[in-house]
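A structural walkthrough
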Amino acid sequence: MKILRQLKLVLVLALAIGGITSGVTPVAASQSTKAIVLKTTKVSATAYHATKGKIYHDTTLTKVAHNAKNYPRTTLYVTKHATIRKANHQRAIYYYIGKGKVKGWIWHGYLKAGKPAKKGTSVAKSAAKATFDATKMSQNFLVIVNQERAKLGVAPLTMNDKLTNLANQRAKDNADSNTLSHTDAQGNAMFEKEADQFGVGDWSTWSECLYMSGYNSLGFNFGKDAADGYLYDDADSDWGHRLNLISPTTTQIGIGWYVKAKTSTVYNAIDQTN
């Protein structure tokens, strides 16, 4: 299995034929009180805002540079993502605020996409009116992907209900762990562990892409955002997501979503088979 770098945050598992293609060496456990960076990815400056949480000086997470509650109306521009193993050995995803007067690392769950609302407007009321439409998001996603496949002369992907049920579970798996990972703690591929219980057993080739995004409104077009990120903004992952989605080897797709209201985060999982 080859796990490539993340994008906004996105994680891709390259095509695996009949099983795992290569391994990932685990980082040795440490007794240090400092956090350790496992993976860092540069991203285009993206606007977020936050109302709580500590903003740390660096990825050791030992020195607080700012408190987000002091900047409720400040646009925070994220330029990096990092997967960090904290001192308690739990993995977490932190974003680096690299532009503007506020700089530092903050847990992604404290950030919401977009600029903060202007003073006097109610973000809560606006967000409450919107609901997440998984069917619409999946349709928006698949239209873009199949249009790109058509440009390349590749047959369209067909939605598969069993794969979609598996993908929904995979999105929830990542929400439960507050990270993006194709494997469990022992390094076993979660797709292969869970495929049988959803009736997805007859495959020789499979692939998986993972995505997450903070939100301040569930009315945002996450389907288009995920598709655009996978297909057209994937250089940091060596175009692994794009290669998965346009591969003529895979014909079936499952598109899964999970909304974690506690952290205002939407998770997406894309599972494909031959």
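Residues numbered from 1 in each chain as written. Predicted model: local features only at pLDDT ≥ 70, side-chain atom pairs only at ≥ 80, totals over all residues. Heavy atoms only, no water.

Per an unreviewed UniProt entry, the chain goes by the name CAP domain-containing protein and belongs to Levilactobacillus fujinensis.

Our focus in this paragraph is the side chain of Glu 148. Structurally, Glu 148 is set in helix H2 (residues 134-151). Owing to a relative accessible area of 8%, Glu 148 belongs among the buried residues under this scheme. Engagement of the side chain of Glu 148 in a polar contact is seen with the side chain of Arg 242, the distance being 2.8 Å. Leaving out residues up to four positions away in the same chain, Glu 148 has contacts with Leu 231, Tyr 232, Arg 242 and Ile 246. (Helix = DSSP H or I, 4+ residues; strand = E, 2+ residues; numbered from the N terminus. Buried < 20%, exposed > 50% of the residue type's maximum accessible area, 1.4 Å probe, protein only. Polar contact = N/O pair within 3.5 Å; in protein donor to acceptor, adjacent residues only side chain to side chain. Contact = heavy atoms within 4.5 Å.)

Moving on: the pairing of strand E2 (residues 36-49). Where E2 meets strand E5 (residues 76-85), 9 bridges bridge the pair, whose relative direction is antiparallel. Residue Thr 46 lies in a different strand from E5, and its bridge partner there is Val 78. Bridge analysis of E2 against strand E8 (residues 112-113) gives 2 bridges, and the strand direction is antiparallel. Bridging across to E8, Tyr 48 finds its partner in Ala 113. (Pairing = 2+ DSSP bridges.)

The next thing to look at is the nonpolar core. Counting 23 residues, the largest nonpolar core has Phe 141, Phe 222, Tyr 230, Leu 245, Ile 253 and Ile 270 as the members making the most contacts within it. Contributions of two or more residues to this core are made by H2, strand E10 (205-214), helix H5 (222-232), helix H6 (240-246), strand E11 (252-260) and strand E12 (265-273). Among residues more than four places away in sequence, those in contact with Phe 222 are Phe 132, Met 137, Tyr 211, Ser 213, Gly 214, Tyr 215, Ser 217, Trp 257 and Val 266. Of all hydrophobic cores here, the second largest spans 21 residues; its members include Ala 68, Ile 93, Ile 97 and Ala 175. (Core = buried A, V, L, I, M, F, W, Y, C linked by side-chain atoms within 4.5 Å.)

Unlike most non-glycine residues, Leu 61 shows phi in positive territory, near 60 degrees. The buried category is assigned to Leu 61, whose relative accessible area is 14%. Positive phi values are uncommon outside glycine, yet Ser 264 reaches one of about 50 degrees. Residue position: Ser 264 is located in the loop between E11 and E12. Among the residues examined, Ser 264 registers a relative accessible area of 10% and is labelled buried.

Right, let's talk about the side chain of Glu 208 for a bit. With respect to the helices and strands, Glu 208 occurs in strand E10. Residue classification places Glu 208 among the buried residues on the basis of a relative accessible area of 1%. A polar side-chain atom of Glu 208 sits 3.0 Å from a polar atom in the side chain of Arg 170. Within the structure, Glu 208 has its side chain in polar contact with the side chain of His 182 (distance 2.6 Å).

Enumeration over the complete set of coordinates arrives at 7 salt bridges. Here Arg 170 and Asp 173 are joined by a salt bridge, their closest N and O atoms 2.9 Å apart. Of the two residues, Arg 170 and Asp 173 both sit in helix H3 (residues 161-177), 3 residues apart, roughly one turn of that helix. For Asp 173, a relative accessible area of 16% gives the class buried. The residue Asp 228 makes a salt bridge to Lys 224 at a minimum N-O spacing of 2.6 Å. Linking Asp 228 with Lys 224, this pair stays in helix H5, spanning 4 residues, or about one helical turn. (Salt bridge = Lys/Arg side-chain N within 4 Å of Asp/Glu carboxyl O.)

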